[in-house]
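# What the coordinates show
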2 protein chains.
Amino acid sequence: MPRKALRQTACPTCSVEATLNLIDGKWKIVILYKLLKGGTLRFNELRRLMPAVTQRMLTNQLRELEADGLLTRKVYPEVPPRVEYSLSVRGRSLEQVIMALKIWGDENLVTATRAEAA
Amino acid sequence: MPRKALRQTACPTCSVEATLNLIDGKWKIVILYKLLKGGTLRFNELRRLMPAVTQRMLTNQLRELEADGLLTRKVYPEVPPRVEYSLSVRGRSLEQVIMALKIWGDENLVTATRAEAA
DNA sequence: GCACATAGTGTCGAAAAGGATACTATTATG
DNA sequence: CATAATAGTATCCTTTTCGACACTATGTGC
C-alpha cells in the first residue's frame, strides 16, 4: 500500500505535473528553500524559520520529502535528541526549479499577489 | 471579501512560496503548459488534452488563472459559443518556471516518481 | 422534431489536507 | 524535586479540494 496515494494525472506524459506533485504540500517548497540556503538544519531550527508551521505538519512534510529522496535525515543517538536535515543530491538538483520560483516571485509579486488584494 | 482565501504563509518574505500558491491547484500547471505549447486553445480543446479533468474543475482552474491575470479569456458572441484561452503577458513570464519543472521532471522522473512504486 | 455540439453551471458528497492541542522520553540544570 | 530543551506522536476536528452527475441555452444538420 502506497504511503501516499498518487493523485490522478491530467496527462501521464507530463513531467511538469509529476514534478509539481513532488513539491506539492503546503510547506515543502519553503523547507527545500531553507535547506538550500541554510545547508544543514536541525528540526527546531527549521521550526524557528517557519513559525507558522505546526510541529505535526513540519514532521509530515519532512517525512514525505525524505521518502521522495529529496532530503537526508541524520539522527544522532544523543540526549536530548539531535536530528539534522539536509538536501540530498536529488534535492539539490531541484535548485533550478526552486530558484525559478523565487526569481519569478521577486519580479512579479512585489506588491500584491492578487489583483483584488486590498 | 477575497474570492479565494490566501493560505497562511510559512514566511511572508518567501516569494518562492507565493509563486507556488499561484500555480497551486491540481491542474493549473498543466493548463499553463498546454497553453505555452499550444498557443490559443478553446475550452474543449483543453478538455481533450486533459481527459482526466472534469468540466467543472477545468472551468474552476481557468477562472482562477484568469483572476490571477495569468491567462486571457476571449468570448466570441456566437452560437455555438466559442471561447479562446491564451496566456497573458504575465502568464508567459512564467515560462522559466514551467520549463524548470518540465526539465527537472524529464531528467529525474524517467522511470518512477517514488522509490516504493510497484 | 430530435440529437448534437459548445461552454459552461449547480448540487451533493467523499476524501484529503491541514490545524489545535495535549502528550511522550530522557537528561541536564538549578 | 521541578523545570527546560529536543524531536517528535496521538487524537480530534475543521477546512479545502476534488469528483460524479445532472442540467442549461441556442443554433445547425438530418
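Higher on the page you've got the structure.
Below you will find a few notes about this structure. (Residues numbered from 1 in each chain as written. Chains lettered and ligands numbered in written order. Predicted model: local features only at pLDDT ≥ 70, side-chain atom pairs only at ≥ 80, totals over all residues. Heavy atoms only, no water.)

## Points about the nonpolar core
If you look at the biggest cluster of nonpolar residues, it comprises 66 residues, and the most contacted ones within it are Ile23 and Ile31 of chain A together with Ile31 of chain B. If we skip the residues at most four places from it in the chain, isoleucine 31 of chain B touches Met50, Leu58, Gln61, Leu62, Leu65 and Leu71 of chain B. (Core = buried A, V, L, I, M, F, W, Y, C linked by side-chain atoms within 4.5 Å. Buried < 20%, exposed > 50% of the residue type's maximum accessible area, 1.4 Å probe, protein only. Contact = heavy atoms within 4.5 Å.)

## Notes on the protein's contact with DNA strand C
Taken together, 22 residues lie near DNA strand C, and Lys26 of chain A together with Gln55, Thr59, Arg63 and Arg73 of chain B sit nearest. Within the side chain of lysine 26 of chain A, a nitrogen or oxygen atom sits 2.6 Å from a phosphate oxygen of DNA strand C. Between DNA strand C and tyrosine 85 of chain B there is a distance of 2.8 Å, counted from a phosphate oxygen to a side-chain nitrogen or oxygen. For the surface near DNA strand C, the secondary structure elements donating two or more residues are helix H4 (55-67) of chain A together with helix H3 (43-49), helix H4 (55-67) and strand S3 (82-87) of chain B. Per-class residue counts for the surface near DNA strand C are eight nonpolar, six polar and eight charged. (Near = heavy atom within 4 Å. Polar contact = N/O pair within 3.5 Å; in protein donor to acceptor, adjacent residues only side chain to side chain. Helix = DSSP H or I, 4+ residues; strand = E, 2+ residues; numbered from the N terminus. Nonpolar A, V, L, I, M, F, W, Y, C, P; charged D, E, K, R; others polar.)

## Digging into the environment of leucine 101 of chain B
With respect to the helices, strands and loops of the structure, leucine 101 of chain B is situated in helix H6 (residues 95-108). Each C-alpha atom, one on leucine 101 of chain B and one on isoleucine 29 of chain B, is 9.4 Å from the other, the two residues being 72 residues apart in sequence. Contact partners of leucine 101 of chain B, with chain neighbours within four places excluded, come to Ser15, Val16, Thr19, Leu20, Ile23 and Val97 of chain A together with Ile29 of chain B.

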